[in-house]
Amino acid sequence: MTGIGSGPEWLARYSSSLMGVFGTPQRVLVRGAGCLVWDADGKEYLDLLGGIAVNALGHANPFVTSVISSQLATLGHVSNFFTSPTQIALAEKLLALTDAPAGSKVFFTNSGTEANEAAFKLARRNTGGSGAKRTKIIALEGAFHGRTMGALALTAKESYREPFEPLPAGVVHIPFGDVEALKDAVDETVAAVFLEPIQGEAGVRPLPPGYLRAARELTARVGALLILDEVQTGIGRTGKWLASEDAGIMPDAVTLAKGLGGGFPIGALITYGPETSSLLAAGQHGTTFGGNPVATAAALATLHAIESQHVLANASAVGGHLRAGLARLPGVTEVRGEGLLIGFDLDADVAPAVVQAGLDAGFIVNSPGPRTIRLAPPLVLTTAQADTFLDAFPAILQAAKDAQ
């Protein structure tokens, strides 16, 4: 159905047929197994990005693949005039895993940006009753919540925002991790505060200890919603189901996606308690594909595999090993993150060149900043695989510096 060709041949076809919003792809990938992928020219790579934190169980996981195939052969799609057992079972499972109280609900989407778009609309409904006094939404500098218009209004990066202004109004970005700035911003005019426990696109920046608890106290005091974007940090990425678990708080809503489907597109908005869950009424939001039988079956299979194969413990252990190893390498100035969401800074502005040198050496990594590298590999990465990267990195870094 696709034909065959070398990498350059495929890229020529790409440039003549696809929009250039992603630039030129780095490689044409044709096959994957576990933490490894192969390109159209047969070169093997250790995937340390996992589709940007998506492939929680690696590539072509046999169990998830078999469940998807079985579900598709049984019932592929129904509109949301109907439901399916997998949709209901997945909602119940997510409510249980996130310790949601009675009256909590789930809305399924196709992606993280759609989950945040739904959360944006949820926030708009938190007006405070007659008079609509709550109109402001707080987000942080450095935030990335997606690229649809509502999610983009929450996103801080000016180069993403400027071409599409005017964006939905009312969003205010305050300094990252500054509790005093948060105290000054959260008042009776605020409908919601959106937070990522760890900012991924900003270079893997965890919120400082105590910040989430302060945000919970401040929002509860004025009736604002606390909405946590765990699109990248959720579903085991930090060695826990939610990165926010250790804060000991209950938010009003959480958004999930990326690792939830093990590579199959699915996202979710979880609303906590009956009051928040009733903000969006029938007809006020919707989706054609969200929560369809195949997507929810894929997510159920992914969650089952994570639980039954002790994947959370592996993410914690291998992530700790990898961070400790990176911290010992010359040229690495700082290491951040939790579990297998890792960012590390270099002693020179060569991160994009490191990405290229890494590809040449057989490793897939990402550069969210000029001297920052991000790793978000499959949660099944082994210590031995992590060590191959640690052993290779000094030469990769030197090659990057030599290329500048």
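Okay, so let's go over this structure.

A few points about helix H3 (residues 62–74)
And step 1. Taking 1.5 Å of rise per residue, the 13 residues of H3 would be expected to cover 18 Å, and the 18 Å separating its terminal C-alpha atoms lies within 8% of that figure.
And step 2. Looking at H3, one finds that the buried residues are Val-64, Ile-68 and Gln-71. The buried side chains of H3 occupy one side of the element, clustering within an arc of 70° when seen end-on. Along H3, exposed side chains directed more than 90 degrees from the buried face belong to Pro-62, Ala-73 and Thr-74.
And step 3. Close packing links the buried residues of H3 with helix H4 (85–97) and helix H11 (293–308).

Considerations on the packing of aromatic side chains
And step 1. All told, the structure shown has 4 aromatic pairs when counted by the stated rule.
And step 2. Both rings, one in Phe-389 and one in Phe-393, keep their centres 5.5 Å apart while their planes meet at 55°; by these two values the pair is tilted. Of this pair, Phe-389 and Phe-393 are both found in helix H14 (residues 383–403), 4 residues apart, which corresponds to roughly one turn of the helix.
And step 3. Look at Phe-389 and you get buried, because its relative accessible area is 2%.
And step 4. Taking relative accessible area as the criterion, Phe-393 reaches 1% and is therefore assigned buried.
And step 5. Members of the aromatic cluster, joined through ring pairs, are Phe-344, Phe-363, Phe-389 and Phe-393.
And step 6. Geometry around Trp-38 places Arg-31 over its ring, the cationic atom sitting 3.9 Å from the centre.
And step 7. Arg-205 extends its terminal NZ or CZ atom over the ring of Phe-176, reaching a point 4.1 Å from the ring centre.

Details of the nonpolar core
And step 1. In terms of nonpolar packing, the biggest core is built from 83 residues, with Leu-195, Leu-322, Phe-344, Leu-346, Leu-375, Phe-389 and Phe-393 touching the most fellow members.
And step 2. If near-sequence neighbours (up to four positions away) are discounted, Leu-375 is found in contact with Leu-48, Leu-322, Leu-326, Leu-340, Leu-341, Ile-342, Phe-344, Val-365 and Phe-389.
And step 3. In terms of nonpolar packing, the next biggest core, distinct from the first, is built from 20 residues, Leu-122, Ala-123, Ala-139 and Ala-253 among them.

A word on the sheet that holds strand E1 (residues 29–33)
And step 1. As summarised here, the arrangement of the 4 strands in space is E1-E2-E3-E15, forming an open sheet in which the pairing is mixed. The sheet terminates laterally at E1 and strand E15 (363–364), the two strands that pair on one side only.
And step 2. Strand direction decides the pairing type here: E1 and strand E2 (residues 36–39), joined by 4 bridges, are antiparallel. Along E2, the bridge assignment pairs Gly-32 with Val-37.

Observations regarding the sheet that holds strand E17 (residues 372–375)
And step 1. With antiparallel pairing, the 4 strands of this open sheet are ordered in space as E13-E14-E17-E16. Since the sheet does not close on itself, it has two edges, and those belong to strand E13 (332–338) and strand E16 (366–369), each with one partner. Looking at each pair of strands side by side, their axes are set apart by 25° on average, direction ignored.
And step 2. Alignment of E16 against E17, held across 2 bridges, turns out to be antiparallel. By the bridge assignment, Asn-366 is partnered in E17 with Arg-374.

Here's the deal with unusual backbone geometry
And step 1. Between Glu-165 and Pro-166 the backbone carries a cis peptide bond, its omega angle lying at 10°.
And step 2. With respect to the secondary-structure elements, Pro-166 resides in the loop between helix H7 (158–161) and strand E6 (171–174).
And step 3. In this model, Ile-52 sits at a positive phi of 60°, which is unusual for a non-glycine residue.
And step 4. Mapped onto the secondary structure, Ile-52 falls in helix H2 (residues 50–53).

Regarding the pattern of salt bridges
And step 1. For the coordinates displayed, the defined rule picks out 11 salt bridges.
And step 2. The partner of Glu-180 in a salt bridge is Lys-183, with the nearest N and O atoms 3.5 Å apart. With a gap of 3 residues between them, Glu-180 and Lys-183 both fall in helix H8 (residues 179–185), about one helical turn apart.
And step 3. With its nearest N and O atoms 3.4 Å apart, the salt bridge here joins Glu-334 to Arg-336.
And step 4. Relative accessible area serves as the criterion here: at 14%, Arg-336 is assigned to the buried category.
And step 5. Each of Lys-240, Asp-246 and Glu-338 takes part in salt bridges that share partners, so that together they form one network.

Some remarks on the pairing of strand E7 (residues 190–195)
When a strand is regular, its side chains alternate between the sheet's two faces.
And step 1. Of all 6 residues that make up E7, 6 are buried, and the element is covered over most of its length.
And step 2. Note: strand E5 (residues 136–140) against E7, 3 bridges, orientation parallel. If you follow Ile-138 over to E7, its bridge partner there is Val-193.
And step 3. Bridge analysis of E7 against strand E10 (residues 225–229) gives 4 bridges, and the strand direction is parallel. The residue bridging Leu-195 from the neighbouring strand is Leu-228, located in E10.

Digging into the environment of Ala-348
And step 1. Relative to the elements of secondary structure, Ala-348 occurs in the loop between strand E14 (341–346) and helix H13 (351–361).
And step 2. Separated by 52 residues in the primary sequence, Ala-348 and Ala-400 have C-alpha atoms spaced 9.9 Å apart.
And step 3. Apart from residues lying up to four places away in sequence, Ala-348 is in contact with Pro-370, Arg-371 and Lys-401.

Some remarks on the packing of H13 against H14
And step 1. Interaxial distance between H13 and H14 falls to 8 Å at its minimum, and their mutual angle equals 125°. In terms of their interaxial angle, H13 and H14 are classed as oblique. In this structure, H13 meets H14 at a crossing whose hand is right-handed. Between H13 and H14, the residues in contact are Ala-353, Val-354, Ala-357, Gly-358 and Ala-361 and Phe-393, Ile-396, Leu-397, Ala-399 and Ala-400, respectively.
And step 2. Considered class by class, the residues forming the contact of H13 with H14 number 9 nonpolar, 1 polar and no charged.

Rules of the game
Note on numbering: residues in each chain are counted from 1, in written sequence order. Where totals are concerned, whole chains, interfaces and linings use all residues; where local detail is concerned, this predicted model gives features only for residues with pLDDT of at least 70, and gives and counts side-chain atom pairs only at 80 or more. Neither water nor hydrogens contribute to the side-chain values; these are computed over all heavy atoms in the structure. The secondary structure listing takes helices from DSSP runs of H or I that are at least 4 residues long and strands from runs of E that are at least 2 residues long, numbered from the N terminus. Here, expected helix span is obtained from the residue count minus one, scaled by 1.5 Å. Exposure is judged per residue with a 1.4 Å probe applied to protein chains only, and the accessible area is read against the type maximum: over 50% gives exposed, under 20% gives buried, and values in between give partly exposed. Note that the arc is computed from the directions linking the helix axis to the C-beta atoms. Residue contacts follow a heavy-atom distance rule, with two residues in contact if any of their heavy atoms lie within 4.5 Å. Put simply, two rings from Phe, Tyr or Trp (the six-membered ring, in Trp's case) pair if the centres are within 6.5 Å, and we call them stacked under 30 degrees between planes, edge-to-face over 60, tilted for the rest. Our definition puts a charge over a ring when NZ of Lys or CZ of Arg is within 6 Å of the ring centre and also within 35 degrees of the ring normal. Nonpolar cores are built from buried Ala, Val, Leu, Ile, Met, Phe, Trp, Tyr and Cys residues. Side-chain atoms within 4.5 Å join them into one set. We call two strands paired when DSSP finds no fewer than two bridges between them. What counts as an axis is a line fitted to C-alpha atoms, over the stretch in contact for a helix, and the angles between N-to-C directions run from 0 to 180 degrees. Criterion for a salt bridge: a side-chain nitrogen of Lys or Arg within 4 Å of a carboxyl oxygen of Asp or Glu. For classification, angles of less than 35 degrees are called roughly parallel, those exceeding 145 degrees roughly antiparallel, those between 65 and 115 degrees roughly perpendicular, and all remaining angles oblique. Here a crossing is taken to be left-handed if its near helix is turned anticlockwise relative to the far helix by less than a right angle, and right-handed if that turn runs clockwise. Any residue outside Ala, Val, Leu, Ile, Met, Phe, Trp, Tyr, Cys, Pro, Asp, Glu, Lys and Arg is labelled polar, Gly included; the first ten of those are nonpolar and the last four are charged.

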